[in-house]
Structure formats: structure tokens, C-alpha cells
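# Observations on the three-dimensional arrangement
Read off the chains here:
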Amino acid sequence: PIYVPIEQASQSSDGQTLYLEIEARGGACGQYVVVVQQSATQVAVGIAQLPVRTGVMCPMFIGPRSFPAKLSSPLAERPVIDLANGARLSP
């Protein structure tokens, strides 16, 4: 998958959900899927843009979109890594 860099990350008060914000491109047809890879030592997250079908007219816009990512256990002290570029996020 082609991951979109995450602009900002925050977490819920219980640490069970991360909120990932991207600068969405691809207009009204832009569809995304959230990928979460968890271990005891870190959480890697990514937002992958799905391919747009050829020949479909899509009104273009660029703007922020937020996606929730559920964790199996609270984030606690685990670092969060962006799968798009390996950058460490600070939720």
C-alpha cells in the first residue's frame, strides 16, 4: 500500500484510540484504510490511500481528515511510528 504521511496524532483519554490526521488528497473519491501494527514495545500506524477507479469523475479538494485507530491495549509509553516515513509521532 501507499501510505500518506500523518500530519498529527492524538489519543483518547483512556489511551485505547489514536486519532490520526492527514492532509487528504484525491477529492470526493479519496478512500483510505487505517493500518495498525502493535507490539509490546511500539505501535506503527499508517493511512493507506486506496486506488481511485479509472474513468470516475471526482470533485477535487484537499483538506484535513481524521481517522480513529483502535488499539488492543492502552498506548502508555509505547512510541508511535508513521508507516509512511518512519517518523515518530507524538500523540
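In the block above lies the structure referred to throughout.
Residues numbered from 1 in each chain as written. Predicted model: local features only at pLDDT ≥ 70, side-chain atom pairs only at ≥ 80, totals over all residues. Heavy atoms only, no water.

Now for the overall build of the protein chain. Looking only at helices and strands, the protein chain has zero helices and eight strands in total. Listing the helices and strands of the protein chain from first to last along the sequence gives β-β-β-β-β-β-β-β. For the protein chain, the C-alpha atoms occupy an extent of roughly 45 × 25 × 20 Å along the three principal directions. For the protein chain, with 91 residues in total, the buried portion stands at 35%. Across the protein chain, every contact between residues at least 6 apart in sequence was considered, and the portion connecting residues at least 24 apart equals 68%. Accessible surface for the protein chain amounts to roughly 5600 Å². Of this, 54% is attributable to carbon and sulfur atoms. (Helix = DSSP H or I, 4+ residues; strand = E, 2+ residues; numbered from the N terminus. Buried < 20%, exposed > 50% of the residue type's maximum accessible area, 1.4 Å probe, protein only. Contact = heavy atoms within 4.5 Å. Areas by Shrake-Rupley, 256 points an atom, 1.4 Å probe, with all protein chains shown as cover.)

Another point: the nonpolar core. Core analysis: the largest hydrophobic core is formed by 17 residues, its most contacted members being I6, L18, L20, I22, Y32, V45 and I47. Of all elements in the fold, only β3 (17–24), β5 (43–49) and β6 (63–70) reach the threshold of two or more residues within this core. The leading source of residues in this core is β3, at four residues. Among residues more than four places away in sequence, those in contact with I22 are V4, P5, I6, E7, Y32, I47, G63, P64, R65 and F67. (Core = buried A, V, L, I, M, F, W, Y, C linked by side-chain atoms within 4.5 Å.)

Further remarks concern the sheet that holds strand β2 (residues 8–11). Here three strands make up an open sheet; going across it, the order is β2-β3-β6 and the pairing antiparallel. Pairing within the sheet leaves two strands with one partner each, and these edge strands are β2 and β6. Shown here is a sheet whose adjacent strand axes are inclined to one another by a mean of 25°, direction ignored. Across eight bridges, β3 lies against β6 in antiparallel orientation. Across the sheet, Y19 pairs through a bridge with P68, a residue of β6. (Pairing = 2+ DSSP bridges. Axes fitted to C-alpha atoms, helices over the stretch in contact; angles between N-to-C directions.)

Another aspect to go through is the side chain of T17. The topology assignment puts T17 in strand β3. For T17, a relative accessible area of 4% corresponds to the buried category. Here K70 takes part through its side chain, which lies 3.2 Å from a polar atom of the side chain of T17. (Polar contact = N/O pair within 3.5 Å; in protein donor to acceptor, adjacent residues only side chain to side chain.)

What follows deals with unusual backbone geometry. With a phi angle near 55°, A76 is a residue other than glycine that sits in the positive phi range. Mapped onto the fold, A76 is located in the loop between β6 and β7 (80–82).

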